[in-house]
Every structure is written in C-alpha cells, then in structure tokens.
Number of protein chains: 2
Amino acid sequence: MRPIKKLIQLDEALAIVLEQARPIKRKETLPLLKAMGRVSGQNVASRVSVPPFSRAAMDGYAVRARNTFRASKLKPIVLSKIDTVYAGGVPRKTITNGTCAEIATGAMLPQGADSVVMVEDTESDGTSVSISESVHPGKNVSKKGEDISPGTKLVSEGDVLNPSKIGSLAAIGVKTTQVYRKPLIGIIPTGNEIAELGTQLKPGQVYNINSYTLASVVRANGAEVRVLPVVNDTLKDIQRTMKKNSDCDMLVFSGGSSVGERDIMLDVLERNGEVLFHGIAVKPGKPTLFGTVAGQLVFGMPGYPTSCLSNAYILLAPALRRMSRLPENEPPCVRARMSKRVVSATGRTQFLTVKLDRGIAHPVFKESGAITSMAFADGYVMVPADVDLVEKGEEVKVYLL
Amino acid sequence: MRPIKKLIQLDEALAIVLEQARPIKRKETLPLLKAMGRVSGQNVASRVSVPPFSRAAMDGYAVRARNTFRASKLKPIVLSKIDTVYAGGVPRKTITNGTCAEIATGAMLPQGADSVVMVEDTESDGTSVSISESVHPGKNVSKKGEDISPGTKLVSEGDVLNPSKIGSLAAIGVKTTQVYRKPLIGIIPTGNEIAELGTQLKPGQVYNINSYTLASVVRANGAEVRVLPVVNDTLKDIQRTMKKNSDCDMLVFSGGSSVGERDIMLDVLERNGEVLFHGIAVKPGKPTLFGTVAGQLVFGMPGYPTSCLSNAYILLAPALRRMSRLPENEPPCVRARMSKRVVSATGRTQFLTVKLDRGIAHPVFKESGAITSMAFADGYVMVPADVDLVEKGEEVKVYLL
C-alpha cells in the first residue's frame, strides 16, 4: 500500500487548480433566446439607430413647440388636428404652423413637428385641440438614435448576457449571437464496488452517488457534463476511458485516489501526464489527486460521497467558473452560532456540515462515507487549518448548500 | 383616450400578484440527472440500508478488536493474514481469534471481524501482520445502515433538490424522481409597431425586445416559456391568442396597456375576466395591468422595454418563484454611495438604474423607452415612494442585475 506522501494546504491546492483552469476558447453561435446567462464571445456594436426614427414618448399631440409658447390653462392655444398617428403607422401629413397630429406613444413623429404635448394638457372636440401647457422643442420625443446610436458598443467580449443585455441585442434586431462554449467535463466513477442506479446490488456493491452529485455541481457552474459508465479500477480500463474522452476539457474521476495497492489513478497520471498534487490537508477530502494529461485536466476525487462533494464545492466549482468565464461567486451565506464546542485538527482545513435552527448551527457531519453528512445539512462552515477549536456559541459563517 | 384611474402602490400590487400566484400542482417524473434544482413532488423514505453491509472505513486489517487489546508500538501483536478483501469483493474467510484480513476502504467486513486496524498502525511480511495499536469494536467500520437506515426520510415534498439531496436519492438506487412541473408562461408581444428579430424594419416599426428580456427572467425563476409571435392590437386577435394558450399558467402581454384609444388589453380583461389592478405608483412601469381570466393570470406589461423589464424583476419574478415553489430570493446586492443628488417623485417608488464604480453608484437611467437605461447599468436602487430626495454621497442598496 502506498501512503500519500505529503499533504498540501487547501489554498495551495486551489491556487494550483485555478492556474490550470484555462478559460475556454471555443465559441458557438446561439439564438438569442438561448443565450441568457452565457458569456459573450464577441464585442457587439450597433450599426443602426434605436429608435430608428424620432417618436412620441407620450400619448398626446405632435406640434411645433413654438406654436405652444405662452399657452396656459387660462389662455389655451387652439391648433387644428390634421392627422392621427398610431404606433407602427406612418404620418401622412406634415405639421405646419397652427396644426397638430394626435399621436400615440411610440408612434413616428410627423415631419414638421418637434415636440409632443401630453394628452392630459389638451382638450379636443375632434377637429380642433386646445393646448393648455407650452412645450419646448424635443419635449416628450425620443429622438432617433437616442437609445442606441450607430457605433454604440452594446456588449463586450466576456460579458455575461443578462436579461437587459439580451434586450439590447434584440433592440438592434440580431437573432443570434456568439458566445463561449461551455467546457465539457467527463465524469467517471471508478471502482468494482460501484453499481449503476436501477440495477440490483450484488454483495459488496454500493450505488453510484458521485456521478450525480458531481454532475449537479458541474452544471450549476456553467459547464456541460458527459456522464460515463463505471470503469473498472484497472490501468488498462482507465487509460482506455481517458483516451476515448480526450475531447473533454477535464475528466473528474471518483474513487481510486485513496491509498491502497489497487490505487490506479496515481499510476495513470504518473505514466501519462503530470501529478500536480496528491493529498490535501482538508477534512474530509484528503485523498484527492489532481494533474494534467496532454493538456487535459484530471481530478481524482475521493470515492466517499461527502469527501467527493465537498471537494467539488471548494475546488472543482471555482475551476469550472474560471474555465467557463463566469465571475467567481461565493455561495450565499449566513452568520450563526455553534451549538457546541467543535474540535478540529490543526494543520487541516475542516469542511464542517451543519443544520441551521434559528441562528444556531448544529454540526451534522457523520463521516465522509455518509451522503447524509451533507444531504441533511443546510450548509457548511470552513474551519481554517490553524484553528483547533470552535467554541460553543462562537459566531461562524455558514455557506448555504 | 382613457387615462389610468387610480394608481396603487407597488407593495399592494406585489401583494395582489403573490396572492394570485398559486404554487403549481402538476408533477412529472424525471431522471435523477435532470432533477437538480427542481422541487420534489413527494416525500422519499428509504426502504434499504446504506451502506448495505458493514464495511471498512479505512484501508487496513479487519480484526476481532479483543485480539488487539494491549497492542503497542513496543509490544505489537501478531495476527495471521488469511484473506484480502477488495472494495466490491466478497470476503471468503471468517475471521477467528489470531487471524485478520487485509481490507480496502469500502470493502465488506468479513464475518467474525468487528473492527479495522489502520494500515499505518501495522507492518506486514505478506503472511503475518504486526498490529501496534489497539482498536475497540466498531473502530474504522461503517455499520450497515449507518448512513441511511430503512424508513429514513431523505427528501420532503417541497424540498429543492440540491446536489447532496440528489446524492442521497442515488444512494438508495432510485433512477428517477417525482418533481413539480415548471409553470408554463406564455409571452405575447402586442402592437403593430413590433417587428420580429431578423426581419427588415418597415417605417414606424421597432424590434421586439420584451419577449427576449421576459423569457430570460421567466427561465431564471424556475418557469418555462412559450414565446408567441407578435399579436396585433385588436380585441379579436388578442382574444384568439388567449384562447389558444389557455393551457399556460400565466400570460404576459407586453405593450398595449398604456393609455390610449387603442389600448385593448384592458377591454379584454374587463370582458373576459377580472382586472385586479391597472396602474402602479412605480417609475418606470406605471401602465401595468394585472388580472385573471378563467383562473389564468394575465399581466399586461408596458411596451417600453425598461418599464417592462423592471416590472419583470419586481413583480413577475416573485410570482414565478411562488408558482414554481422555489424559495423567495433577494437578488445579490451591494452598498454604494450615490454620485449625485437624485430627486424622486413622492408617492411613486422609483426603480433607479445605476452603474457602479469603486463603491459609487452613478445613475444611468435615460428613459423607460431606452433598453440601454438598463443594459448599461450594473444594478438598481429602489427609491421608496415616501422619499423625494437621495442626497449625493448617501448610502444606498444596489440590487445587482
């Protein structure tokens, strides 16, 4: 059996992973309706004006402003109505002195008009209109290009496309847009004891949990998953699986990175690529392996489901966000007080799962092999490596699951 | 033209919308890999034990604990190795006094053994093993059912399925699970001036922006969209569209809910259902209509893209989360100081878009017709209805877009 040689600290491990996690370069073109939340692969500048014409910003009457000067409630000015312009319609008449056109919000301003009097400041008998408020030129008008003028940059390469940025692309009429592809992550459970869901367990077998937890974390962090069948813990089988999935940006194995004669992942990485670390000073999650094979990142996650998932949160998720070009994000967190004194080994960061009850954090960690250590928790506390004790009642930061 | 009669306050409007937004009742069964983030439609209790057998929690040697009592580094106890058990394998021998079996983490504990001595506390020549540390019964063993015993409730109806809950369902071997369906929201742009993306604009036309911003907000809040083509602003066309989409849980029209002779949405709602409000004391977004038609919720959003989108954030999103049974969530926010004095009309809540620069919030709102009022913003400040002034340098809460 080969014990892990030297543990590295969690922050070192994270730095190594992030250094290797190169932002994706591949791009794809998507219909605008599917681009929400994606990362723009290009700068987009407008070639057109939005609005494409000067339009009324209010329902009312399109006028020449100077015709309204000195209008008041006591002394309204009367104009003759020569047209009605609806949104989507085209004015038929030119506004001259003494005339006006009824106009709806969003409708094209007629030639000759320079402003709109709000309907609230008018009275009309159908043919003549009393104006009781003066307007200045440009009043209640959105000028052509006022929203977007030709040359305006709407989206920069690297921007996350939120609803309003999507809206600005719609405004200029683009139907598709170029975004960065999602990185493709292969998820590979290993171990002869792992059975697929829906099958009958044979003696000595347990169900595959890690593919499901890992796939969930991968998808939540901007990447695509390829979930592969369980692979036997042999050098040949693992190498064959790696070769067949060399198009993935990263492979995440689970199981087989602990100590033991049959620990094959270390051999695979040593023979075919480079081991960047093996063993992290974190609890749970110590027996974690990370390296590269021909430019592809390879994680060897512990087989134990809580160790595997806690590492997915603290190491894999930040790497995926960098690869997919999404901004870093800290999970939502709350402050709570510990329900009891917790002893933590110095030298190792502890990922301590807790249940929250009215501001009190109750530790629920059972053991790294138990998925309920995590599934029954509301969140987790990171106890730093240099802390050996969290006192009862001490305030802690709880990251919500 | 029909002016809006009476504005209601934003919080009243929200209360009305939330009261009408009934949590979805329809359910569907999904493969576990697709259930991430969905809301469980059922309680799930386990019928099995996890692990299904007692297993080693460490690499080492399976022993009878009492055989190790008084073992020490100075006086190791020697046992004879009679078997090797790998994970996924089945022990062939029963451990009796004086014997042990080499065992891998996760492997089934042999009959007769009650504990595991860590490999680090042993030395072996292949046939005999020196034990230098005593263990108590149960040490380094995960007992059958220790993680999940039969009858344990893993998921409650209404739980959001996060990665670890998904993992707990995988642990008991379920391949599919029942979740609540996503509410189906029909998005319907109205107005003769609205052109579909990718077409050539005719004079007087502008591109459809609202379908894209609304669809993005709907999907981000747990619902499904049906994006419908632009509908003409006539009673007949709108009624026909409503009838054809009566299977949607909600219809969100945009455009045509402002004042004006051609404002049809109000007529449609009055004739076919019930108007719950028309006009909100919010800026932008005043001309917003909400009601029900035969149990279906109907929003008439303003046609102006920033008014439509701001209302989607503050009214539609909370309604969708309630319908889809997702927990309420406040958008992420930061504190910042206003770059300049902002005057706000009392009596109306103001949705003020801002750009952030090193802790300073610069207002970027142009007008409600300009999508760049929002697309060029990093977030927004909600100025309450009873506030008429935000001073330069005043601290404000900025909700990030």
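Here the residue numbers are simple positions, counted from 1 along each chain's written sequence. A letter from A marks each chain and a number from 1 marks each ligand, given out in the order of writing. With pLDDT at 70 or above as the cut-off, local features in this predicted model cover only qualifying residues; side-chain atom pairs require 80 or more to be listed or tallied, and sums for whole chains, interfaces and linings still use all residues. Here the side-chain values reflect all heavy atoms present in the structure, with hydrogen atoms and water set aside.

**Student:** Pulling in residues and values, what's your account of the overall build of chain A?
**Tutor:** On a plain count of helices and strands, chain A comes out with 7 helices and 28 strands. Taken over C-alpha atoms, the radius of gyration is set against a globule rule of 2.2 Å times the number of residues to the power 0.38. The globule rule puts the C-alpha radius of gyration for 401 residues at 21 Å, and the 32 Å found for chain A is more than 25% above it. Put simply, chain A has 401 residues, and 55% of those count as buried. Whether two residues touch is decided by their heavy atoms; if any such pair falls within 4.5 Å, the residues are in contact. For chain A, the proportion of contacts with a sequence separation of at least 24, taken over those separated by at least 6, is 70%. To measure how exposed things are, a 1.4 Å probe is used in the Shrake-Rupley method; for residues, cover is taken only from the protein chains shown. Accessible surface computed for chain A: about 17,200 Å², of which carbon and sulfur atoms make up 50%. Think of it this way: any DSSP run of H or I at least four residues long counts as a helix, any run of E at least two long counts as a strand, and we number them from the N terminus. Burial classification: accessible surface area is computed with a 1.4 Å probe over protein chains only, and a residue below 20% of its type maximum counts as buried, one above 50% as exposed, and the rest as partly exposed.

**Student:** How would you summarise the sheet that holds strand 7 (residues 115-118) of chain A if you had to cite specific residues and measurements?
**Tutor:** All names here are of chain A. Spatially, 6 strands are ordered 7-4-6-5-9-8 in an open sheet, and the strand pairing comes out mixed. In this open sheet, the two strands that pair with only one neighbour each are strand 7 and strand 8 (122-124). Taken over all neighbouring pairs, the strand axes of this sheet differ in orientation by 40° on average, direction set aside. Alignment of strand 5 (residues 77-85) against strand 6 (residues 99-103), held across 5 bridges, turns out to be parallel. Looking at strand 6, one finds that D83 is bridged to A101. Should DSSP find at least two bridges between two strands, the strands are regarded as paired. Here the axes come from fitting lines to C-alpha atoms, over the contacting stretch only for helices, and the angles between their N-to-C directions go from 0 to 180 degrees.

**Student:** Which residues make up the pattern of salt bridges, and what values do they have?
**Tutor:** Residues and elements named next belong to chain A. One speaks of a salt bridge when a side-chain nitrogen belonging to Lys or Arg is within 4 Å of a carboxyl oxygen belonging to Asp or Glu. Applying the stated criterion to the full structure yields 28 salt bridges over all chains. Between R337 and E395 there is a salt bridge whose closest N-O contact spans 4.0 Å. Highlighted residues: R337 in strand 22 (residues 333-338) and E395 in strand 28 (residues 395-400), separated in sequence by 58 residues. A residue is classified by how much of its surface remains accessible, and R337, at 42% relative accessible area, is partly exposed. Relative accessible area serves as the criterion here: at 40%, E395 is assigned to the partly exposed category. Salt bridges here are not isolated pairs; linked through shared partners, they connect E28, R38 and R181.

**Student:** Break down the packing of helix 4 (residues 235-244) of chain A against helix 5 (residues 265-272) of chain A for me, citing the residues and quoting the values.
**Tutor:** All names here are of chain A. The contact between helix 4 and helix 5 brings their axes to 10 Å, and the two run at 55°. The angle between helix 4 and helix 5 falls in the class oblique. Read as a crossing pair, helix 4 and helix 5 show a hand that is right-handed. Across the interface between the two elements, L235, I238, Q239 and M242 of helix 4 pack against M265, D267, V268, R271 and N272 of helix 5. Roughly parallel means an angle under 35 degrees; roughly antiparallel, over 145; roughly perpendicular, 65 to 115; everything else is oblique. Whether a crossing is left-handed or right-handed is set by the direction in which the near helix is turned from the far one by less than a right angle, anticlockwise for left-handed and clockwise for right-handed.

**Student:** I'd like a rundown of empty space enclosed by the protein, residues and numbers included.
**Tutor:** Computed over the protein atoms alone on a 1 Å grid, cavities are sets of points where a 1.4 Å probe fits but cannot get out and pockets are open sets with protein on both sides within 12 Å along at least five of seven lines; a residue lines them when it has an atom within 4 Å of a point. Grid points are joined across faces, edges and corners, and a volume is the space filled by probe spheres set on the points. Summed over the entire model, instances satisfying the criterion amount to 1 cavity of 30 Å³ or more. A:L32, A:L33, A:M36, A:I166, B:Y212, B:A215, B:S216 and B:R219 together form the lining of the largest cavity. Among the elements that make up the lining of the largest cavity, the one with the highest residue count is helix 3 (residues 210-220) of chain B (4 residues). Residues are grouped as follows: nonpolar covers Ala, Val, Leu, Ile, Met, Phe, Trp, Tyr, Cys and Pro; charged covers Asp, Glu, Lys and Arg; every other residue, Gly included, is treated as polar. For the lining of the largest cavity, the class distribution of residues is 6 nonpolar, 1 polar and 1 charged.

**Student:** Which residues make up the sheet that holds strand 18 (residues 274-278) of chain A, and what values do they have?
**Tutor:** Residues and elements named next belong to chain A. Strands sit in the order 16-13-17-21-20-18 across an open sheet of 6 strands; the sheet is mixed. Each edge of the open sheet is held by one strand with a lone partner, namely strand 16 (224-227) and strand 18. When strand polarity is set aside, the average angle formed by the axes of neighbouring strands in this sheet is 20°. Most of the contacts of helix 1 (residues 10-20) go to strand 18, to which it runs at about 150°, and overall it touches strand 18, strand 20 (289-293) and strand 21 (296-301). Contacting strand 13 (184-189), strand 17 (250-254), strand 18 and strand 21, helix 6 (residues 305-323) runs over the sheet at an angle of about 165° to strand 21.

**Student:** Pulling in residues and values, what's your account of the side chain of A:D121?
**Tutor:** Residues and elements named next belong to chain A. Assignment of secondary structure puts D121 in the loop between strand 7 and strand 8. At 4.9 Å, K73 is the nearest oppositely charged side chain to D121, a buried residue that forms no salt bridge. Excluding residues that lie within four positions of it along the chain, D121 makes contacts with S130, I131, S132 and E133. Within this scheme the basic residues Lys and Arg register as positive and the acidic residues Asp and Glu register as negative, but His and the chain ends are omitted.

**Student:** So what's going on with the relation of the copies chain B and chain A? Which residues, and what values?
**Tutor:** Overlay of chain B on chain A (RMSD 0.1 Å): rotation 180°, translation along the axis 0.0 Å. Within this description, the copies of the chain are treated as partners about a two-fold rotation axis. Of the C-alpha atoms belonging to chain B, the one lying closest to the rotation axis is found on B:P332, 4.4 Å away. Take the interface residues of chain B: 100% of them recur as interface residues in chain A, which is what a same-surface contact looks like. To line up the copies, we fit them by least squares on C-alpha atoms, keeping just the residues with pLDDT of at least 70 in both.

**Student:** Lay out the environment of A:T29 with the relevant residues and their values.
**Tutor:** Residues and elements named next belong to chain A. Mapped onto the secondary structure, T29 falls in strand 1 (residues 27-31). Along the primary structure T29 and S168 are separated by 139 residues, whereas in three dimensions their C-alpha atoms are 17 Å apart. With residues up to four places along the chain from it excluded, the contact list for T29 reads T176, T177 and Q178.

**Student:** Give a description of helix 3 (residues 210-220) of chain A that names residues and reports values.
**Tutor:** An α-helical turn contains 3.6 residues, so a residue and the one three or four places further along point in the same direction. Among the 11 residues in helix 3 of chain A, 9 count as buried, and that is most of the element. On its buried face, helix 3 of chain A is in contact with strand 13, strand 16, strand 17 and helix 6 of chain A together with helix 2 (163-171) of chain B. Remark: A:G222 follows helix 3 of chain A within two positions and exhibits a positive phi of approximately 85°.

**Student:** Which residues make up the interface of chain B and chain A, and what values go with them?
**Tutor:** On the chain A side, the residues contacting the 80 residues of chain B number 80 residues. When two parts are brought into contact, each loses some accessible area as probed by a 1.4 Å sphere; the total of that loss over both is the buried area. Summing both partners gives a buried area of about 6,200 Å² for chain B against chain A, and 62% of it is carried by carbon and sulfur. The tally of links between chain B and chain A comes to 0 salt bridges. In the analysis that follows, any N or O atom pair within 3.5 Å is treated as a polar contact, provided that within protein one partner can donate a hydrogen and the other can accept it, and provided that, for residues neighboring in sequence, both atoms belong to side chains. Counting across the interface, chain B meets chain A through 20 residue pairs in polar contact (both at pLDDT 80 or more). At the level of elements, strand 3 (55-56), strand 6 (99-103), strand 11 (153-155), helix 2, strand 15 (206-207), helix 3, helix 6 (305-323) and helix 7 (372-375) of chain B are the ones that each hand at least two residues to the side of chain B that touches chain A. Residue classes in the side of chain B that touches chain A are distributed as 43 nonpolar, 23 polar and 14 charged.

**Student:** Mind laying out the domain arrangement of chain A, listing which residues take part and the relevant values?
**Tutor:** The assigned domain composition of chain A is domain 1 (10-25 + 182-323), domain 2 (27-50 + 147-180), domain 3 (55-142) and domain 4 (333-400). Residue ranges assigned to each domain were obtained from an automatic or database domain assignment. Its C-alpha centre places domain 1 of chain A at a distance of 35 Å from the equivalent point of domain 2 of chain A.

**Student:** Outline the pairing of strand 26 (residues 379-383) of chain B, supporting the account with residue identities and numerical values.
**Tutor:** All names here are of chain B. In terms of residue burial, strand 26 counts as a mostly covered element, since 4 of its 5 residues are buried. Two elements, strand 26 and strand 28 (residues 395-400), share 2 bridges in a ladder whose sense is antiparallel. Of the residues in strand 28, the one forming a bridge with Y380 is Y399.

**Student:** Break down the packing of aromatic side chains for me, citing the residues and quoting the values.
**Tutor:** Side-chain rings of Phe, Tyr and Trp (the six-membered ring for Trp) are treated as a pair once their centres are within 6.5 Å; stacked means planes under 30 degrees apart, edge-to-face means over 60, and tilted covers the remaining angles. Counted according to the given criterion, the structure contains 10 aromatic pairs over all chains. With 6.1 Å between their ring centres and 35° between their planes, B:Y313 and B:Y380 make a pair best called tilted. With B:Y313 in helix 6 and B:Y380 in strand 26, the pair connects residues that are 67 residues apart, well separated along the chain. By relative accessible area, which is 18% here, B:Y313 ends up buried. Ring geometry for B:F351 and B:Y380: centres 4.1 Å apart, planes at 20°, overall stacked. On the criterion of sequence distance, the pair formed by B:F351 in strand 24 (residues 349-357) and B:Y380 in strand 26 is long-range, its members being 29 residues apart. Looking at B:Y380, the relative accessible area reads 5%, which means it is buried. Members of the aromatic cluster, connected to one another through ring pairs, are A:Y313, A:F351, A:Y380 and A:Y399. Over the face of the ring belonging to A:Y180 we find A:R325, whose NZ or CZ atom lies 3.9 Å from the ring centre. Charge-over-ring contacts are defined here by two conditions on Lys NZ or Arg CZ: a distance within 6 Å of the ring centre and an angle within 35 degrees of the ring normal.

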